[in-house]
Amino acid sequence: AFRKFVSATIRQEDALKHLETRLKSTNNAVGISATEIRKYAAELQKATTLGDVEIIEMQNVLLTFTNVTGEQFKRATEAILNTSVALGQDLKSSALQVGKALNDPIANLGALGRAGIQFSDAQQEVIKSLAETGRIAEAQKIILSELDVQMGNSARAARDTFGGALKSLGNTFSDLFEGDSSSTGEAITALHNLERTLSSPAMQQ
């Protein structure tokens, strides 16, 4: 139980620290607070078989694509979950494919095509035209709508299976072992103090 607590807490704190850092480094280009992103990840955990921490880890990748903002960021988050489940690939790969296509539709729409997500010639022309005239958000809506059609609600549907129910139970159980800053603050201070003691010339001698 102690090992589970340590590993789960480390992973959660790493994900949240990266989230804060990514929002700061991009000057919060996404236009959504860390609290709201965490809340959305928690909502998706309850609706899918994916844990909130792994969703946040994926969102940290998506945040690097600074043209994906606001409501499009939330839509992209669920589209990535659906793509990952439907294609049987990891979340990071799906985040890179979808994020690249949304961030620069002209240059990277082909990344989705290589993953098996096809757009008609007419759709590609409209997307290209919108992107070239600076209407990125409208181009993103077309891409996300097509992802909804081709990937469906795969992530939510996966929960309604025996395996999905077991995984969801596991995610809820894992939440019990995740500490937060209130439960790890004193431990962090103690570890830093121990490190300083061990590195002191007197102790080394």
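In case you missed it, the structure is sitting above this.
Keep in mind that this is a model prediction, so the values were computed, not measured.

(A) Fine view of the overall build of the protein chain. Of the regular secondary structure elements, the protein chain holds 12 helices and 0 strands. Within the protein chain, buried positions represent 39% of all 205 residues. The contacts in the protein chain between residues at least 6 apart in sequence include a share of 67% that link residues at least 24 apart. Carbon and sulfur atoms make up 54% of the accessible area of the protein chain, which amounts to about 11500 Å² in all. In the protein chain, which carries 21 positive and 24 negative side-chain charges, the distance between the mean positions of the two groups comes to 2 Å.

(B) Spatial organisation of a nonpolar patch on the surface. Side chains of F2, F5, V6 and I10 sit close together on the surface and give an oily, nonpolar patch of about 380 Å² of accessible area. Judged by relative accessible area, I10 falls into the partly exposed class, the value being 47%.

(C) Spotlight on the packing of aromatic side chains. Counted under the stated rule, the structure contains 0 aromatic pairs. For the cation-ring pair, K74 lies above Y40, with the distance from its terminal atom to the ring centre recorded as 5.5 Å.

(D) Here's a closer look at unusual backbone geometry. Residues other than glycine seldom take positive phi values, yet N27 does so here, at roughly 55°. Relative to the assigned elements, N27 resides in the loop between helix 1 (2–25) and helix 2 (34–47). The backbone phi angle of N28 is positive, close to 50°, even though this residue is not glycine. Residue placement: N28 occurs in the loop between helix 1 and helix 2. You can call N28 partly exposed: its relative accessible area is 32%.

(E) Layout of helix 3 (residues 52–62). Taking burial as the measure, the 11 residues of helix 3 include 9 buried ones, the bulk of the element. Taken together, the buried positions of helix 3 are D52, V53, I55, I56, M58, Q59, N60, V61 and L62. Where helix 3 is buried, its residues meet helix 1, helix 2, helix 4 (70–87), helix 5 (91–103) and helix 10 (162–175).

Reading the values: rules and limits
- Residues numbered from 1 in each chain as written.
- Predicted model: local features only at pLDDT ≥ 70, side-chain atom pairs only at ≥ 80, totals over all residues.
- Heavy atoms only, no water.
- Helix = DSSP H or I, 4+ residues; strand = E, 2+ residues; numbered from the N terminus.
- Buried < 20%, exposed > 50% of the residue type's maximum accessible area, 1.4 Å probe, protein only.
- Contact = heavy atoms within 4.5 Å.
- Areas by Shrake-Rupley, 256 points an atom, 1.4 Å probe, with all protein chains shown as cover.
- Lys, Arg positive; Asp, Glu negative; His and termini not counted.
- Charge placed at Lys NZ, Arg CZ, Asp CG, Glu CD.
- Patch = residues over 30% accessible without salt bridge, like charges linked within 9 Å, V, L, I, M, F, W, Y side chains within 5 Å.
- Salt bridge = Lys/Arg side-chain N within 4 Å of Asp/Glu carboxyl O.
- Phe/Tyr/Trp six-rings, centres within 6.5 Å; stacked < 30°, edge-to-face > 60°.
- Lys NZ or Arg CZ within 6 Å of the ring centre and 35° of its normal.

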